[in-house]
Amino acid sequence: EFILQALEKRGEFGDATGIQQAEGAVKGIQFQAIFMYVIREMEDAVIDCANTNALENDDASVHAWDEAVAFYVGSLVGPTGTGSGALGFSVAEKRSLEYGTHRNGLSSVNAEVMSLFSSGVALVRSKQCTKLRPVMDKIIDQMTIPLLQGLLRYAYKGSLSGK
């Protein structure tokens, strides 16, 4: 509903400028829709893993886990992680530079998230399905950090401007 309100200039966006509408729609897609879709794909992987024949190697759970990674990273980041994406991976990179959590060329959040994604796919492939949900929960915790950093940053900036 948030995204639709931004696009249709209604509700909270009734008096918004065109730039505010666009920002609202983009941020809603980035931080609400895509964030939740990454979680949905991980949930799907957990369910598929538990319901799939243990002898299958390239099953739906692997595909769902890979989709979660794809929607977290996005297509614009590139193979080195230095592109100009707009999804979770890029947001974590941006916030890490602002909060001083960028180490060895990568945000601490992304280093942890990508390590957890790798662990998760190994668990799926080896059918250790009961160990997958805790990995998923840790990924969600990490994905939340840049959102909270952004919230704090823009709350502070807004307090300075009196808005």
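(A) Geometry of the overall build of the protein chain. Within the protein chain one finds six helices and two strands. N-terminal to C-terminal, the α/β element order of the protein chain is α-α-α-α-β-β-α-α. Dimensions of the protein chain, computed from the C-alpha atoms along their principal axes, are close to 60 × 40 × 25 Å. Each of the 163 residues in the protein chain was classed as buried or not, and the buried ones make up 37%. Within the structure as shown, the protein chain displays about 9500 Å² of accessible surface, and the carbon and sulfur contribution to it stands at 59%. Averaged over its 15 positive side-chain charges, the protein chain has a centre that lies 8 Å from the centre of its 19 negative ones.

(B) Highlighting helix H5 (residues 108–125). An ideal rise of 1.5 Å per residue puts 26 Å on 18 residues; H5 measures up with 26 Å between its terminal C-alpha atoms. Residues of H5 that are buried include every one of Val109, Asn110, Val113, Leu116, Phe117, Gly120, Val121, Leu123 and Val124, and no others. Take H5 and look down its axis: the buried residues cluster within an arc of 155 degrees, on one side only. In the stretch just after H5, Lys127 is the one whose phi turns positive, near 60 degrees.

(C) Main features of the state of the cysteines. Evaluation of the coordinates by the stated rule reveals one disulfide. Disulfide partner of Cys49: Cys129, at an S-S distance of 2.0 Å. What sets the handedness of the Cys49 and Cys129 disulfide is the S-S torsion sign, and at about -75 degrees it is left-handed. Here Cys49 is found in helix H2 (residues 18–51), whereas its partner Cys129 is found in the loop between H5 and helix H6 (132–161), with 80 residues between them in sequence. On the basis of relative accessibility, which here comes to 16%, the residue Cys129 falls in the buried class.

Criteria and cut-off values
- Residues numbered from 1 in each chain as written.
- Predicted model: local features only at pLDDT ≥ 70, side-chain atom pairs only at ≥ 80, totals over all residues.
- Heavy atoms only, no water.
- Helix = DSSP H or I, 4+ residues; strand = E, 2+ residues; numbered from the N terminus.
- Buried < 20%, exposed > 50% of the residue type's maximum accessible area, 1.4 Å probe, protein only.
- Areas by Shrake-Rupley, 256 points an atom, 1.4 Å probe, with all protein chains shown as cover.
- Lys, Arg positive; Asp, Glu negative; His and termini not counted.
- Charge placed at Lys NZ, Arg CZ, Asp CG, Glu CD.
- Expected span 1.5 Å × (residues − 1).
- Arc of directions from axis to C-beta.
- Disulfide = S-S within 2.5 Å.

Don't take any of this as a statement about function, it's just geometry.
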